[in-house]
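# Observations on the model geometry
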2 protein chains.
Amino acid sequence: MAYPYKKMQEEDFDYIRSVTAEDRVWTGDEIAREYYHDEMPEYGEYPPELYVEVENTEEISKIMAYAYQENIPVVCRGAGTGLAGGATCKYGGIMLSIMRMNRIFPVDHKNQTITAEPGALLIDIQAAAAAEGLFYPPDPGEKTASIGGNVITNAGGMKAVRYGLTRDFVRCMEVVLPDGSIMNFSSNVVKNTTGYDLKDLVIGSEGTLCILTQVTLKLLPAPTCSCTLVMPFASLEECADMVPKVLELPFVPTAIEFLERELIDIVERRLHKFFPVKEGEAVLIVMYDASSRQELDSAVRAASEAALANGAFDCCIAATPERAGSVWDVRGAILEGMKADSVSQEECDVVVPRSRIAEYVKKAKKIALSHGIRVEPCGHCGDGNIHTEMLRGPEMSDEEWKSATHASLTELYALSKELGGQLSGEHGIGNGRLKFLEEFVGPRMIQLYKSVKLAFDDKLILNPGKVVEFQEDRM
Amino acid sequence: MAYPYKKMQEEDFDYIRSVTAEDRVWTGDEIAREYYHDEMPEYGEYPPELYVEVENTEEISKIMAYAYQENIPVVCRGAGTGLAGGATCKYGGIMLSIMRMNRIFPVDHKNQTITAEPGALLIDIQAAAAAEGLFYPPDPGEKTASIGGNVITNAGGMKAVRYGLTRDFVRCMEVVLPDGSIMNFSSNVVKNTTGYDLKDLVIGSEGTLCILTQVTLKLLPAPTCSCTLVMPFASLEECADMVPKVLELPFVPTAIEFLERELIDIVERRLHKFFPVKEGEAVLIVMYDASSRQELDSAVRAASEAALANGAFDCCIAATPERAGSVWDVRGAILEGMKADSVSQEECDVVVPRSRIAEYVKKAKKIALSHGIRVEPCGHCGDGNIHTEMLRGPEMSDEEWKSATHASLTELYALSKELGGQLSGEHGIGNGRLKFLEEFVGPRMIQLYKSVKLAFDDKLILNPGKVVEFQEDRM
């Protein structure tokens, strides 16, 4: 390892221009401010020294080989929709955007896969699959995310209950290592025990091990029908208690989300999107997909009966796409609604065992309130991944907000650990959660993470200071 | 790294006895010969210096800490049913059996999981889940395998088409690192982006990174009905061509296997198990699971129509457990039948894209025949994982057999690579496929594997000489 990182010079800028193109390179103050941060500017704003939009794998390989030789940090960036402060140039250097690499190749019907470059948008991948009667299930709320970002952060989302995470759909990938080597991790095969499973290690590694340059994704036959149920309850805790009961039924739901009335009110008031169910202090939203009407009807019947037997006031069936749309529109607008309803936000993305959801929710509210913070737990309760959103009121000073959120997060993470949960369910560590990681996983695990990081990136030039932080980063 | 490995002394034996028990430690010639090899003695027979049956995680931790300090190799062994020469003491040292650690904890209904120690048998895990109305799908043919072995080799099996691999069912694990540290990789949560995904890296690492001491597995609601179809065709190639057509239907099959008549004849003749379908030079066996009779009927109808439209002589429906049993019994007896019908066997476990199965099968037969070897491709064609079994006739000398299988394997692996496949689909690298790995994945990948190995096992004491081989191993 050679520190400190090189401060980039005009000769470095020229080299990057020479292996890409003049009009795809920006330096210093030419670089747009939006590239200083992701969707959470709260987790740090850092100016890159150079911003380049690459067009192919060979350009990435040349840039990395040069950066490796010259000891320049490189951060790969997709659509910038991350929520962990991951895709930022914490130690300066090169920001490498892959958003021009957005080709989607024709669906491979025999293998039921689709191959794309990392800058392709998730929404376009989903549409390309659907146009061929197939289905790419992962659906994290953010439709404008890049598929590369989804893969490298192992994006989750609402349909993970039935279909799993992005990880579960990655068949193989092409990547560039920090030294510029172009590698393939696995191929278009459905099983593989050839050497170590580096593909899965790289998924969710937040751009700290290598740069993804192409990915092949598994597709499924599209379900032919689906139905959304809304179950209103007297409290969020009752909603949470219902979750294991839904999961015990012989039908696997596609999604299980919960929402408190307070959050629904915010979205209705701020964004004028109206939720079709008016009763209940909290609602459980359950979605089923099926390949036949009979199968769907059986699932809906069983879930409705279970809801009514477990204290739901009602079980409203949104059987048409329009009615289901009005439910999911409100759910999808939560983050926007909260942004409109508060000065700023902090978010806790813990995941707990499904059996502990109700307990987590109850205690999380108490913790935040004890620090004078308004908290809105919502999200993927079918997964135990509770987005505990903290909202800053206009009355709080910067200092009060900072110390109250830090104190709340410290206690919320300790609670998650006590309940057998994890620090982050789907948003990742990035820069924003780094300071809480060692306390959570312990020093031996951090040592192991560091060894793994070094196995790929011995000079620590790729997205330094994210997920793991070496003292040397700062030198 | 400190080489060579220590040759164990009486003091080392005494230490291991002191942290376990006198009557669970064997040394030198006391060690049963079966522990010199796994199910493939062809891949090497190596005597351990000491064989110990541990009873808990703490014993493993103490043994590893000692071995780490003293530079003694350790190989963890489950039921010994591996097919890659993986669980053998290639460089002597300690063989650590976890077969006494076989507790299965009560099913956790709220989380739909089951937790077990690594020595629990797969068949007992399946039974424990079934007794509670739940289902653990992974089903590699070998029922007496340990769950630890299944996890550490990422066992596949017949039902991977629908349900996936062992990997897809591992929620979390407890392991012991080479230095004796006890770690937990993830917890009983359904998604996790907290640091690097070490859990998935360890799955399939063949005991070279750490020792598994406890695992929590995801369970599914048990399907309520299932049906097996047998589609006889004029040739194996026609069977293979049918596979993508089955997969294009809107119903995901549980298993798709193929068998040539010659293999069926061997099982009928040698083992007196009789296959219910008499016509066809080759048969495709397709199984569906469903949660309702309607769903099952729709799938069976669609698959039958597709079979008849694509050249099948017939589509025989084995709707009762007895009839389905007679089909699967023959399929399950293939390895035993081939063992009875030949002097010895060599096996090629390649996996190719589903779209290339027919091409692989056709060319594989030509390759083996050109080297004078009888070859029987069979297996998981729904996965593209074709077990290309080579059978040694009594007329071949040791030398002929060795050189002909080596030449065949070299060409078969090159063919798999050319078709976009992999070296091993489910049996792993171990010792038996090690010599073919570098040619297949290339030197940069081997370098990466070595870095990853060192990240966990800096002294190279855990199952040395498997998956990756360091020159230093031999010193």
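Everything numeric here is computed off the predicted structure, so don't read it as measured data.

### Description of the overall build of chain A
- For chain A, the count of helices and strands is 15 helices and 17 strands.
- In terms of overall size, chain A behaves like a compact globule, its C-alpha atoms giving a radius of gyration of 23 Å where 475 residues would be expected to give roughly 23 Å.
- For chain A, the proportion of its 475 residues judged to be buried stands at 65%.
- Of the contacts formed within chain A by residues at least 6 apart in sequence, a portion of 73% connects residues at least 24 apart.
- Surface accessibility of chain A: about 16,400 Å² in total, with carbon and sulfur atoms responsible for 50%.
- Chain A carries 48 positive and 72 negative side-chain charges, and their two centres are separated by 3 Å.

### Comments concerning the sheet that holds strand 3 (residues 74-77) of chain B
Residues and elements named next belong to chain B.
- The mixed open sheet is built from four strands, whose spatial order is 1-2-4-3. Pairing within the sheet leaves two strands with one partner each, and these edge strands are strand 1 (25-27) and strand 3. Each strand axis lies, on average, 20° off the axis of its neighbour in the sheet, ignoring direction.
- The pairing of strand 2 (residues 50-53) with strand 4 (residues 94-97) spans four bridges and is classified as parallel. By the bridge assignment, Leu-50 is partnered in strand 4 with Ile-94.
- In this fold helix 1 (residues 10-19) packs onto strand 1, strand 2 and strand 4, with an angle of close to 165° to the strand it touches most, strand 1.
- Contacts between helix 2 (residues 57-70) and the sheet are confined to strand 2, strand 3 and strand 4, with strand 4 contributing the most and set at about 165° to the helix.

### Focus: the pairing of strand 12 (residues 255-260) of chain A
- Among the six residues that make up strand 12 of chain A, six are buried, leaving the element largely enclosed by the rest of the structure.
- Side chains of strand 12 of chain A alternate between two faces, with Ala-255, Glu-257 and Leu-259 of chain A and Ile-256, Phe-258 and Glu-260 of chain A buried alike.

### Considering the sheet that holds strand 3 (residues 74-77) of chain A
All names here are of chain A.
- Strands sit in the order 1-2-4-3 across an open sheet of four strands; the sheet is mixed. A strand with exactly one partner marks an edge of an open sheet, and here the two such strands are strand 1 (25-27) and strand 3. Recorded for the sheet is a direction-independent mean angle of 20° between the axes of neighbouring strands.
- Against the sheet, helix 1 (residues 10-19) touches strand 1, strand 2 (50-53) and strand 4 (94-97), its axis set at about 165° to strand 1.
- The strands touched by helix 2 (residues 57-70) are strand 2, strand 3 and strand 4; relative to strand 4, the strand with the most contacts, the crossing angle is about 165°.

### Concerning the relation of the copies chain B and chain A
- Least-squares fitting of chain B to chain A yields an RMSD of 0.0 Å, with the superposition described by an axial translation of 0.0 Å and a rotation of 180°. Overall, the copies show the geometry of a two-fold rotation axis.
- Comparing interface residues between copies, 100% of those in chain B also lie at the interface in chain A; the contact surface is shared.

### Here we look at the UniProt feature "domain: FAD-binding PCMH-type" (unreviewed entry) in chain A
- The positions that UniProt labels "domain: FAD-binding PCMH-type" (unreviewed entry) are, in the present scheme, residues 43-222 of chain A.
- As annotated, residues 43-222 of chain A has a helix share of 21% and a strand share of 22%, and its two end C-alpha atoms lie 38 Å apart.

### A few points about the interface of chain B and chain A
- Taken together, the 82 residues of chain B in the interface contact 82 residues of chain A.
- The contact between chain B and chain A buries some 6,400 Å² in all, and 60% of this surface belongs to carbon and sulfur atoms.
- In terms of surface lost to chain A, no three residues of chain B exceed Lys-191, Thr-193 and Tyr-196 of chain B, which account for 15% of the buried area on that side.
- Our count for the contact surface shared by chain B and chain A stands at ten salt bridges.
- We note a salt bridge from Asp-197 of chain A to Arg-167 of chain B, for which the minimum N-O separation is 2.9 Å.
- Residue assignment for the side of chain B that touches chain A shows that the elements contributing at least two residues are strand 8 (182-185), helix 6 (198-202), helix 7 (236-248), helix 9 (293-309), helix 14 (434-441) and helix 15 (443-456) of chain B.
- Looking at the side of chain B that touches chain A element by element, the count peaks at nine residues for helix 15 of chain B.
- The residue makeup of the side of chain B that touches chain A, split by class, is 33 nonpolar, 32 polar and 17 charged.

### Let's talk about the domain arrangement of chain A
- Partitioning chain A into domains gives domain 1 (10-99 + 452-474), domain 2 (113-221), domain 3 (225-335) and domain 4 (342-433).
- Averaged C-alpha coordinates put domain 1 of chain A and domain 3 of chain A at centres separated by 42 Å.

### Notes on the packing of aromatic side chains
All names here are of chain B.
- In total, this model carries 16 aromatic pairs over all chains according to the counting rule given.
- Consider the rings of Tyr-15 and Tyr-66, whose centres lie 4.0 Å apart with planes at 10°: the pair is stacked. Taken together, the positions of Tyr-15 in helix 1 and Tyr-66 in helix 2 put the pair 51 residues apart, joining distant regions of the chain.
- We classify Tyr-15 as partly exposed; its relative accessible area is 28%.

### Here we look at the packing of helix 15 (residues 443-456) of chain A against helix 15 of chain B
- Axis separation between helix 15 of chain A and helix 15 of chain B bottoms out at 8 Å; the angle between their running directions is 165°. By the angle between their axes, helix 15 of chain A is roughly antiparallel relative to helix 15 of chain B. Relative to helix 15 of chain B, helix 15 of chain A is oriented so that their crossing is right-handed. Contact with helix 15 of chain A, carried on its side by Leu-448, Ser-451, Val-452, Ala-455 and Phe-456 of chain A, involves Leu-448, Ser-451, Val-452, Ala-455 and Phe-456 of chain B of helix 15 of chain B and no other residues of that element.

### Digging into helix 1 of chain B
- When we look at burial in helix 1 of chain B, the residues that qualify are Asp-12, Phe-13, Ile-16, Arg-17 and Val-19 of chain B.
- Where helix 1 of chain B is buried, its residues meet strand 1, strand 2, helix 2 and strand 4 of chain B.

### Observations regarding the packing of helix 7 (residues 236-248) of chain A against helix 12 (residues 357-370) of chain A
Residues and elements named next belong to chain A.
- Close contact between helix 7 and helix 12 brings their axes to 8 Å; oriented N to C, the two are set at 160°. In this view, helix 7 runs roughly antiparallel relative to helix 12, as classed from their interaxial angle. The two elements helix 7 and helix 12 meet at a crossing, and its hand is right-handed. Residue-level contacts link Leu-236, Glu-237, Ala-240, Asp-241 and Val-243 of helix 7 to Ile-357, Ala-358, Val-361, Lys-362 and Lys-365 of helix 12.

### Some remarks on helix 2 of chain A
Residues and elements named next belong to chain A.
- A rise of 1.5 Å per residue sets the reference length of helix 2, with its 14 residues, at 20 Å; its end C-alpha atoms lie 20 Å apart and thus fit the reference within 8%.
- Residues of helix 2 that are buried: Thr-57, Glu-59, Ile-60, Ser-61, Ile-63, Met-64, Tyr-66 and Ala-67.
- Two to three positions downstream of the cap, the backbone nitrogen of Glu-58 sits 3.2 Å from a side-chain oxygen, assigning the N-cap of helix 2 to Asn-56.

Reading the values: the criteria
Residues numbered from 1 in each chain as written. Chains lettered and ligands numbered in written order. Predicted model: local features only at pLDDT ≥ 70, side-chain atom pairs only at ≥ 80, totals over all residues. Heavy atoms only, no water. Helix = DSSP H or I, 4+ residues; strand = E, 2+ residues; numbered from the N terminus. Rg over C-alpha atoms; globule rule 2.2 N^0.38 Å. Buried < 20%, exposed > 50% of the residue type's maximum accessible area, 1.4 Å probe, protein only. Contact = heavy atoms within 4.5 Å. Areas by Shrake-Rupley, 256 points an atom, 1.4 Å probe, with all protein chains shown as cover. Lys, Arg positive; Asp, Glu negative; His and termini not counted. Charge placed at Lys NZ, Arg CZ, Asp CG, Glu CD. Pairing = 2+ DSSP bridges. Axes fitted to C-alpha atoms, helices over the stretch in contact; angles between N-to-C directions. Least-squares fit on C-alpha atoms with pLDDT ≥ 70 in both. UniProt positions renumbered as here; feature names shortened; annotations may be inferred. Buried area = accessible area lost by both parts, 1.4 Å probe. Salt bridge = Lys/Arg side-chain N within 4 Å of Asp/Glu carboxyl O. Nonpolar A, V, L, I, M, F, W, Y, C, P; charged D, E, K, R; others polar. Domains from an automatic or database assignment. Phe/Tyr/Trp six-rings, centres within 6.5 Å; stacked < 30°, edge-to-face > 60°. Parallel < 35°, antiparallel > 145°, perpendicular 65-115°, else oblique. Left-handed = near helix turned anticlockwise from the far one by under 90°. Expected span 1.5 Å × (residues − 1). Polar contact = N/O pair within 3.5 Å; in protein donor to acceptor, adjacent residues only side chain to side chain.

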